Every structure is written in C-alpha cells, then in structure tokens.
Amino acid sequence: MSLGADPESIQPPSLDLGLDDAQAAIASALGEFCRDRLDAGAAAIGGDGFPDALWRELAALGALGVATPEGDGGAREVVAAMETLGREGFPGPLAATFLATQLVSPSERVALASGDLRAAVGRGPLFADARGADILLEIDGECVHRRRSTSEDRAVPVMGGVRWRHVEGERVETWADPARGLALIRIALAAQLFGLAEGLVAAAAEHANVRRQFGQSIGDFQAVAHPLADVHVHLEAARLLARSAADRFDRDPSTASSEASAAHASARRSAVEAVHVCHQVFGAVGITIEGPAWSTSSRIMALAACPPTSESTNALLYGSIARSPAERRSE
C-alpha cells in the first residue's frame, strides 16, 4: 500500500441504521393501523379477555410473520414494526410470537403468522399474556422448553398491560439450538421498549412545555430539562444498538447473540429510567390510572421483567435505577 494512499479508501464501510423504503413503509402502515383501530379494541384490552379480532387484523397486515420464510423479511423489518407498535401501545405477545416462529414446525409457524395460534413466553410457572395461548415457551437461561399445561391456569394480579398467568405443566420439548430465536426476541423486545419509552418521553416533554410554575413552563428548569435530555440520549443509544443487532442478525444470525443481548439490556435500562424520570416530570398526574403516563409506564415495567433476562442484565438494569441521575451522568 502506498504511503500516499487516501485514508478514506482504507476505512471500513459505514453502517446505515436508518430505515429503508420498505421498512419505513412497514412502520407507516402499522402506525396508521394502530391510530385507526387501537381504540376499537380498548375495551377488550382493558379487560381480562384478549382482543382476538384486533390481533387477526394485525396478522393480516403481515406483521407477525415478517421474520419467517413466508414473510420475506428479517430482523430489521421486525425492528421497524416493533418500534411503531411499541410507540402506539399495541397489546399482546408480540415478541413471543417472533420467538415462536423461529422454533416451531412450518405448519405452526404459518398459523402463528396468520393469528390462528398464539404463543406466550415465561419462566415457569409464570407466563406473560398466556390466557388462551396455544404454545407455551419456557425460557430458562439460554434454553427454551415447550410446556404443556396440566391444570387450570389462573391469573396473577399485576399492574400494566401485560397479563401474567400461573401455569402448572410439564416440559414436552426442548430445542437443541434456540440461539436464533432468543436473539430475535431480544431484538424485538429492545425495539418495543424503545418505542414505548420514546412515546412516554415525548408526552412528558409536551407536559413540561405547557405546565407552568413560578410564571414559566417547568421545561425551562434545568432540573426538568436535563434528566429528560439524558433519557433521550440513552434511548437513542438503545435504538441504534437494536438496529445494529438486527443488521448483524440479518447478515449472520449465528453471530448476533451478543449484540442482541446488549441491545436488550440497554433498552431495558433506558426504558425503566425513562419511567422514573417521566413520572417525576408529570408529578401527581403521572400516578393516576387515567393519566397520560400510567398505562405506558406500567407496560414498560412489565415488559422489562419478561424473559429472556439474565443476572448480568438484571444487575445492569436495577443497579442503574439505584443510582441518582447525577451519579449516572458522571459515569
């Protein structure tokens, strides 16, 4: 190589993490669908039932099967979908469906993508969004087992949009190599958590602009503006990590596990931090069930507790919460 070679000619190619035209179209179509149809299923979502009709409409758009051979998409399309569905607060076992489509038989995969079957994930005996689920996937570390219920399951009372159920059962199948599915569910959850938290931060920023104290909007005070800015930066980092992990997955799924785990950990930490900061911004109105933050923040906390998780990611998440914003900014 000549000493006079142009430095730009020897630089590695840059990675474009923006949405391409097809991915942007997915995000736009799902956003419009949620704005048009989500309120129609609000009653079913808020009760103990499941919004079957709404779920099947989402499936008809191809969103649930986007990462299958029949869907002709990949992890980057999953991220485009989940960022939007998270931002709009769409309910149901979205990430669990993406995991299941990577593991089950082709016939079950097609049925999951069409909405005819539903999957749920958990760490036995607790499973999220498990009422009426046809496929129960128990995640134990880096292993995935299929469970069969042996008794009547029962609801576990929790706050938030994720419905947990206690399911007694036995393991009937264990997948030899679930790494691809675990990487995809981590990427999907990271994107969903980012979308939820992004919407919450936007609502908090709007509230800070219109809420006035001492003759000016509270958003003018550094004690309000700086924590929101910190959260925004952390969420942007989580978004980029999720998209980078998705790009790695699409190029070579066998090498995506570490990036997917990092993206999931970052999104969990950033989203839960967003809950704490935004509730401080909203004040008392933030803890009312009818308020602008409760449904979103409680869903973030529920999804942050959903597997797959590990001791290292739990330490990263809850260790961050235990430190003050000033301590985190000094790191």
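Every value quoted in this text rests on a predicted model; they were computed, and no experiment measured them.

Student: Just checking my understanding: could you explain the overall build of the protein for this structure?
Tutor: Assigned secondary structure in the protein consists of 12 helices and 9 strands. Burial statistics for the protein: of 331 residues in total, 47% are counted as buried. Taking the intrachain contacts of the protein between residues at least 6 apart in sequence as the baseline, contacts between residues at least 24 apart amount to 68%.

Student: What should I look at first to understand the nonpolar core in this one?
Tutor: Inside soluble globular proteins, nonpolar side chains tend to come together where they are buried. The biggest cluster of nonpolar side chains holds 81 residues, and the ones touching the most others in it are Leu58, Met82 and Phe90. Of the residues forming this core, the biggest block, 17 residues, is contributed by helix 7 (residues 179–210). Beyond its immediate chain neighbours, meaning those up to four positions away, Leu58 contacts Leu30, Phe33, Ala63, Leu64, Leu85, Phe90 and Leu94. Ranked by size, the runner-up nonpolar core spans 5 residues in total, among them Ala120, Phe127, Leu136 and Val167.

Student: What am I meant to see in helix 5 (residues 94–101) here?
Tutor: Side chains three or four residues apart in an α-helix point the same way, a direct result of the helix having 3.6 residues per turn. For helix 5, a buried count of 8 out of 8 residues is recorded, marking the element as mostly surrounded by other parts of the structure. Within helix 5 the residues assigned to the buried category are Leu94, Ala95, Ala96, Thr97, Phe98, Leu99, Ala100 and Thr101.

Student: Would you mind going over the pattern of salt bridges with me for this structure?
Tutor: Side chains that differ in charge, positive against negative, can pair when their charged atoms come close. As enumerated under the stated definition, the model contains 17 salt bridges in all. The closest approach of N and O atoms between Glu170 and Arg148, which form a salt bridge, is 2.4 Å. One end of the pair, Glu170, is in strand 7 (residues 169–174); the other, Arg148, is in strand 4 (residues 143–149), and 22 residues separate them in sequence. Glu170 gets classed as partly exposed once you look at its relative accessible area, which sits at 35%. The shortest N-O distance in the salt bridge between Arg248 and Glu259 comes to 3.3 Å. Here Arg248 is found in helix 8 (residues 222–251), whereas its partner Glu259 is found in helix 9 (residues 257–282), with 11 residues between them in sequence.

Student: Explain the sheet that holds strand 3 (residues 135–140) here, please?
Tutor: Note: strands within a sheet are paired through backbone hydrogen bonds, in either parallel or antiparallel orientation. Taken in spatial order, the 7 strands make up an open sheet running 5-6-2-1-3-4-7, and their pairing is mixed. Strands at the two margins of the open sheet, each flanked by one partner only, are strand 5 (154–156) and strand 7. The mean inter-strand angle of the sheet, taken between neighbouring strand axes irrespective of direction, is 40°. Where strand 1 (residues 119–123) lies against strand 3, 4 bridges are found, and the strand directions are parallel. Paired with Ala120 across the bridge in strand 3 is Leu136. Against the sheet, helix 5 makes contact with strand 1 and strand 3, and its axis sits at roughly 100° relative to strand 1, the strand it touches most.

Student: How should I be thinking about the packing of helix 8 against helix 9 in this particular structure?
Tutor: The angle between the axes and the distance between the axes are what describe a pair of packed helices. Running from N to C, helix 8 and helix 9 cross one another at 160°; their axes reach a closest spacing of 8 Å. As far as their axial angle goes, helix 9 and helix 8 are roughly antiparallel. Crossing geometry of helix 8 relative to helix 9 is assigned as left-handed. Taken together, the residues of the contact of helix 8 with helix 9 sort by class into 18 nonpolar, 4 polar and 3 charged.

Student: Is there a simple way to think about the packing of aromatic side chains in this case?
Tutor: Aromatic ring pairs are defined here through the distance separating the ring centres and the angle between the ring planes. One pass over the structure, following the stated rule, counts 2 aromatic pairs. Between Phe33 and Phe90, the ring centres sit 6.3 Å apart and the planes meet at 35°, which makes this aromatic pair tilted. Residue Phe33 is located in helix 1 (residues 21–37), and its partner Phe90 is located in the loop between helix 4 (75–88) and helix 5; the two are separated by 57 residues in the primary sequence. This pair shows no difference in class: Phe33 is buried, exactly as Phe90 is. Measuring from centroid to centroid gives 6.5 Å for Trp55 and Phe90, while their planes differ by 35°, and the two rings are tilted. Taken as a pair, Trp55 in helix 3 (residues 52–60) and Phe90 in the loop between helix 4 and helix 5 lie far apart in primary sequence, 35 residues in all. For the pair Trp55 and Phe90, one class covers both residues: buried. Chaining the aromatic ring pairs together yields one cluster made of Phe33, Trp55 and Phe90.

Student: Would you mind going over the side chain of Ser270 with me for this structure?
Tutor: Along the chain, Ser270 falls in helix 9. Here Ser266 takes part through its backbone oxygen, which lies 2.9 Å from a polar atom of the side chain of Ser270. Excluding residues within four positions of it along the chain, Ser270 makes contact with His234, Leu235 and Ala238.

Thresholds applied
- Residues numbered from 1 in each chain as written.
- Predicted model: local features only at pLDDT ≥ 70, side-chain atom pairs only at ≥ 80, totals over all residues.
- Heavy atoms only, no water.
- Helix = DSSP H or I, 4+ residues; strand = E, 2+ residues; numbered from the N terminus.
- Buried < 20%, exposed > 50% of the residue type's maximum accessible area, 1.4 Å probe, protein only.
- Contact = heavy atoms within 4.5 Å.
- Core = buried A, V, L, I, M, F, W, Y, C linked by side-chain atoms within 4.5 Å.
- Salt bridge = Lys/Arg side-chain N within 4 Å of Asp/Glu carboxyl O.
- Pairing = 2+ DSSP bridges.
- Axes fitted to C-alpha atoms, helices over the stretch in contact; angles between N-to-C directions.
- Parallel < 35°, antiparallel > 145°, perpendicular 65-115°, else oblique.
- Left-handed = near helix turned anticlockwise from the far one by under 90°.
- Nonpolar A, V, L, I, M, F, W, Y, C, P; charged D, E, K, R; others polar.
- Phe/Tyr/Trp six-rings, centres within 6.5 Å; stacked < 30°, edge-to-face > 60°.
- Polar contact = N/O pair within 3.5 Å; in protein donor to acceptor, adjacent residues only side chain to side chain.

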